[in-house]
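For reference, the chains in residue letters:
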Amino acid sequence: MSISKTLNKSLWVYHVNSGSCNGCEIEIVATLTPRYDPERFGIKLVGTPRHADVILITGPVTKKMKEKVLRVYHQTPDPKLVMVIGACGISGGPFYESYTLAGPVDDVVPVDVYVPGCPPRPEAIIFGVVTALKKLEEIQSKK
Amino acid sequence: MATSETKTHSPIKTVIGPIHPALKEPIKFIFEIEGEKISKVDLAPGHNHRGLEWMATRRNPVQILYVAERICGICSIAHSLTFCRAIEQAAAIETPARADYVRTIFAELERIHSHLLWAGVAALELGFDTLFYKTWEVREDVMDLLEYLSGNRVNYGIMQIGGVRRDITPAQHPRIRKSLLNYTILFDELVNMFLEDSVLRMRCRDTGLLTREEALQLCTVGPTQRASGVAADVRQDNPYCAYGDLRVKAVTPDQLLDEVRGDVFDRIIVRLLEVKQSVDIIAQCLETLPDGPLLAIPKIMVLLNHLKKAEGEGIGRHEAPRGEVFHYLRLTADRESPAAWKVKASTYSNLLSWIKMLQGEQVADIPIIVASVDPCISCTDRVAVIKQGKTAVYTQEDLRRISREKTRRLRQG
Amino acid sequence: MIANKLSPEQIIEKFKAMLGKAVLAGEIIRRAEGRKQAANVQIWLTLDKAALKAAVRLLCSLHYPHLAVISGYDAGEAVVLVYHFYIYYGEWRGEYNVSLRISLAKTDLSVDTISDLIPGAVVSEREKQEFLGVRVKDIPDARRIFLPEDFPEGVFPWRQDETGIPESMVKKLYEAGKNEGEKRRAASVDSKSTRQE
Ligand code: SF4
């Protein structure tokens, strides 16, 4: 895999759980373990949105979390990318109708990359991040 | 750090969460802090409330099964198994013995996976990165095994009402045995690492105390309850699946050390011992796996028809890795979807115990105490310190840093 | 070993002796699984709601009960609550499930709190208040617990009558982006780069 010259820094990722079942969470964390080791590409989970380039959002966005998701989105500096991990953030998935949901994610914030699956495998998540990387480069090269 | 500059004696309000995915109720903690001490704790759960029980009144039972699995991705066997047992009682379905055994094997694999995951998180909160990576690496092996047996890494889709969907064939036994051997070796290593390390002991001994009486009164469940000396375990008290044939005994910390204190350290010990117990249970199940069918009613359409006509109510219980999971289900003949479904996840019962454990402790101990109940991973995602009207934010990293600094201080001192 | 352990039949007898007519029905169910078919005991008691507190007190005198949860459902004219307790836990196959069922007429949805006897019950009681619209008398903490702050008053998710969730509150997530394909195709005819902002 090539990380092109336009990528002038490592890709830092912040993760928000907007009401998911945890299935996607553990796969995201599993992605970060030595088995897959995405840190060799500089991909790293950070503890605050202010340091992040990519926001990973899981879950169908409950009403209580909607405002918090928005806040995280606005706290992340530009250029930023939003990735949805998992079926329930994309279209509700198993939680396709409910009275406490404000989702899916792209009803709340604009989304750049969708990673389907319930939950997606770690390989799929890495592939998603790499796709995001390309998109970020496109945005930067346009400037 | 925001707290260190305060000169006033008025308590400071601190909010943790709500990004905290424990089962269906992520939780926001509101702390009042005086200096380094926590003086008051309040909880605000509900950020993850997706209305599952309500959704169920609009679906048929087989569809609900998949929602039940997704109540929590880590306890996905626990909830689907419990749901199946509840509906089996309501509709008078008897599961075949082989299915009971296969269910047991999966449930115990899930326990190993969950406890390892937890041990890793605990190590991370305390600042033992080596241990964290070690446990998570082995956990990947459990995930592989689960994938090998069920076809999926998370949300296994193995349960079906009246039995299980996939068999464990004799050809698969060697692979399982090999993994079990690995876990036994790992168990010895982990026990050494956790018990011999004096700093870890200093951090965890007498931290986050919960007495036996409090554990009983607050209705706590699982390892949290057992670490306080209540020898209750659904697998022992009210056996189901294959547990009735195996004589499982509840694990309490006095089985390894000779006292019960009900602190974080005891909770670590209980979980470690349970990993070993699970390995034993799986080995026994493999040896005595009975022959026979896997499903009581193999045809889905027949099953659905049966469930449609069924009338009655049932309860399902299972000792999930984090504690007892309970489902209540009611079927009426006039409708296909259940008339009522109540899910009680383990953290639901352990909510109040946090308040007791955290009171009077230090800020640096929040991560490990919260983690010691084993909610889900990102429970301490964000902490906001509200100080004289202004809000400063503790991130998960800040908190973890404070916790780690404490470990380092102890190491050097 | 637990001293003075009663059989399930004796427990029902005891309830009948203590509470008299307030015990409306009592049933013992045994369920068995596995190869050896080791049976578990479930005791289901239907009570008059006035006798709830006395019944819980009686349970406490037998063995300090563990409250699993309070479940509940809408039964048309009434809201039914089922309190699931366990007693005699901590012993090989010794435990009994004791489920106490009470029915609250919709005209008077109040019930006594049991949190003075079992402090851990308060979570479940708060949940029943917001999901079924029952009123727990003397509850130490009556705040909402799981529902959002801006959830409308007088709507109770588990009710099947007019106070249940109205269709207008249901969000259908699968409809997200329904006509979007059309829109996008139309847009891409106009200009190729409009999506890139
Ligand atoms: S996509 Fe599936 S596994 Fe992921 S959070 Fe949603 S329900 Fe859980």
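That block above? That's the structure.
Please read these numbers as outputs of a predicted model, since none were measured by experiment. (Residues numbered from 1 in each chain as written. Chains lettered and ligands numbered in written order. Predicted model: local features only at pLDDT ≥ 70, side-chain atom pairs only at ≥ 80, totals over all residues. Heavy atoms only, no water.)

## Examining the overall build of chain A
To keep it simple, the criterion reads: Note on conventions: DSSP H or I runs of at least 4 residues are helices, E runs of at least 2 residues are strands, and numbering of each starts at the N terminus. Each radius of gyration reported is based on C-alpha atoms, and the globular scaling rule is 2.2 Å times the count of residues to the power 0.38. Here the term buried applies to any residue with accessible area under 20% of the maximum for its type, exposed to any over 50%, and partly exposed to those in between, with areas from a 1.4 Å probe on protein chains only. Whether two residues are in contact is decided by their heavy atoms: any pair within 4.5 Å suffices. The sign given to each residue is positive for Lys and Arg and negative for Asp and Glu; His and the chain ends receive no count. Positions of charges follow a simple convention, taking NZ of Lys, CZ of Arg, CG of Asp or CD of Glu.
Looking only at helices and strands, chain A features 5 helices and 6 strands. Reading the secondary structure of chain A in the N-to-C direction produces β-α-β-β-α-β-α-β-α-β-α. Here the C-alpha radius of gyration of chain A, 14 Å, is about what a compact globule of 143 residues would show, namely 15 Å. The principal-axis extents of the C-alpha atoms in chain A amount to approximately 45 × 35 × 25 Å. Across the 143 residues that make up chain A, the buried fraction comes to 61%. When contacts within chain A are restricted to residue pairs at least 6 apart in sequence, long-range pairs at least 24 apart make up 84% of them. Charge centroids of chain A, computed over 17 positive and 14 negative side chains, lie 4 Å from each other.

## Quick word on the pairing of strand 1 (residues 12-17) of chain A
A regular strand places its side chains on the two faces of the sheet in alternate fashion. All names here are of chain A. Inclusion rule: At least two bridges found by DSSP between two strands are what make those strands a pair. When the strands point away from the viewer, a crossover counts as right-handed if the route from the first strand across the helix to the second turns clockwise.
Judged by how many residues are buried, strand 1 sits mostly within the fold: 5 of 6 residues are covered. Taken together, the 2 bridges between strand 1 and strand 2 (residues 44-45) define a ladder with parallel strand orientation. Opposite W12, over in strand 2, you have K44 as the bridge partner. Considered for its hand, the β-α-β crossover made up of strand 1, helix 1 (residues 23-31) and strand 2 is right-handed. Alignment of strand 1 against strand 3 (residues 54-58), held across 5 bridges, turns out to be parallel.

## Quick notes on the site of the ligand
Filter applied, for reference: For this description, a residue counts as near a given molecule or strand if any of its non-hydrogen atoms is within 4 Å of it.
Taken together, 14 residues form the shell around the ligand, and within it C21, C24, A87, C88 and C118 of chain A come nearest. Mapping the residues near the ligand onto chains gives chains A and B. For the shell around the ligand, the secondary-structure elements that each account for two or more residues are helix 1 and helix 3 (87-91) of chain A.

## Concerning the nonpolar core
Grouped burial of nonpolar side chains is what soluble globular proteins tend to show. Put simply, the test is: Side-chain atoms within 4.5 Å are what join buried Ala, Val, Leu, Ile, Met, Phe, Trp, Tyr and Cys residues into a set we call a nonpolar core. Domain extents, as shown, originate in an automatic or database domain assignment.
Among the nonpolar cores identified, the biggest contains 197 residues, and F15, Y83, F85 and L100 of chain C are the most heavily contacted of them. Split by domain, this core shows at least three residues from each of two domains, domain 1 (6-48 + 349-412) and domain 2 (52-344) of chain B. Judged by nonpolar contacts, the second largest core, of 17 residues, contains I28, V54, A132 and L133 of chain A.

## Topic: the interface of chain C and chain A
Counted only if it meets this: Take a side-chain nitrogen of Lys or Arg and a carboxyl oxygen of Asp or Glu: if they are within 4 Å of each other, that pair is a salt bridge. By the criterion applied in these results, polar contacts are pairs of N or O atoms within 3.5 Å in which, for protein atoms, one can donate a hydrogen and the other can accept it, and in which residues neighboring in sequence qualify only through two side-chain atoms. Under the grouping applied here, Gly and all other residues not named as nonpolar or charged are polar, the nonpolar ones being Ala, Val, Leu, Ile, Met, Phe, Trp, Tyr, Cys and Pro and the charged ones Asp, Glu, Lys and Arg.
The interface is formed by 17 residues belonging to chain C together with 20 residues belonging to chain A. Viewed at the interface, chain A and chain C are joined by 0 salt bridges. Counting the contacts that link chain C with chain A gives 0 residue pairs in polar contact (both at pLDDT 80 or more). The residue makeup of the side of chain C that touches chain A, split by class, is 13 nonpolar, 1 polar and 3 charged. Looking at chain direction, strand 5 (residues 97-98) of chain A and strand 8 (residues 171-172) of chain C are connected through 2 bridges and run antiparallel.

## Comments concerning the interface of chain C and chain B
As a reminder of what qualifies: Buried area is understood as the total, over both parts, of accessible area removed when two parts are fitted together, assessed with a 1.4 Å probe.
Between chain C and chain B, the contact holds 51 residues from the first and 58 residues from the second. Across the chain C/chain B interface, buried area totals approximately 4600 Å², and carbon plus sulfur atoms make up 53% of it. Area buried by chain C at its contact with chain B is led by E33, W92 and F146 of chain C, which between them contribute 17% of it. For the pair chain C and chain B, the number of links is 4 salt bridges. A salt bridge links E95 of chain C to R317 of chain B; the shortest N-O distance between them is 2.8 Å. Here chain C is connected to chain B by 16 residue pairs in polar contact (both at pLDDT 80 or more). At the level of elements, strand 1 (23-33), strand 2 (38-47), strand 3 (66-74), strand 4 (78-87), strand 5 (96-105) and helix 3 (122-132) of chain C are the ones that each hand at least two residues to the side of chain C that touches chain B. Grouping the constituent residues of the side of chain C that touches chain B by class yields 26 nonpolar, 13 polar and 12 charged.

## Some details on the side chain of S150 of chain B
If you trace the backbone, S150 of chain B turns up in helix 5 (residues 129-150). Residue contacts for S150 of chain B: discarding those within four places in its chain leaves F106, Y156, I158 and R166 of chain B.

## Description of the sheet that holds strand 8 (residues 340-344) of chain B
All names here are of chain B. This is how it is decided: For helices, the axis comes from a line fit to the C-alpha atoms of the stretch in contact; other axes are also lines fit to C-alpha atoms, and the angle between any two N-to-C directions lies between 0 and 180 degrees.
Spatially, the 3 strands line up as an open sheet ordered 6-7-8, and their pairing is antiparallel. Sheet topology places strand 6 (312-320) and strand 8 at the edges, where each strand pairs with a single neighbour. The average angle at which neighbouring strand axes cross in this sheet is 10°, direction not considered. Bridge analysis of strand 7 (residues 323-331) against strand 8 gives 5 bridges, and the strand direction is antiparallel. For H327, the partnering residue across the bridge sits in strand 8 and is V343. Docked against the sheet, helix 3 (residues 76-90) engages strand 6, strand 7 and strand 8, running at close to 150° with respect to strand 6.

## A few points about the pairing of strand 4 of chain C
Residues and elements named next belong to chain C. In terms of burial, strand 4 is largely enclosed, as 10 of its 10 residues are buried. The alternating pattern of strand 4 places A78, V80, V82, H84 and Y86 on one face and V79, L81, Y83, F85 and I87 on the opposite face, and all of these are buried. By the bridge criterion, 8 bridges tie strand 3 to strand 4 in an arrangement that is antiparallel. The partner of S71 across the bridge, within strand 4, is V82. From the end of strand 3 to the start of strand 4, which pair antiparallel, there are 3 residues, and G76 there has a positive phi angle of about 80°. Note that strand 4 and strand 5 share 10 bridges and pair antiparallel. By the bridge assignment, V80 is partnered in strand 5 with S103.

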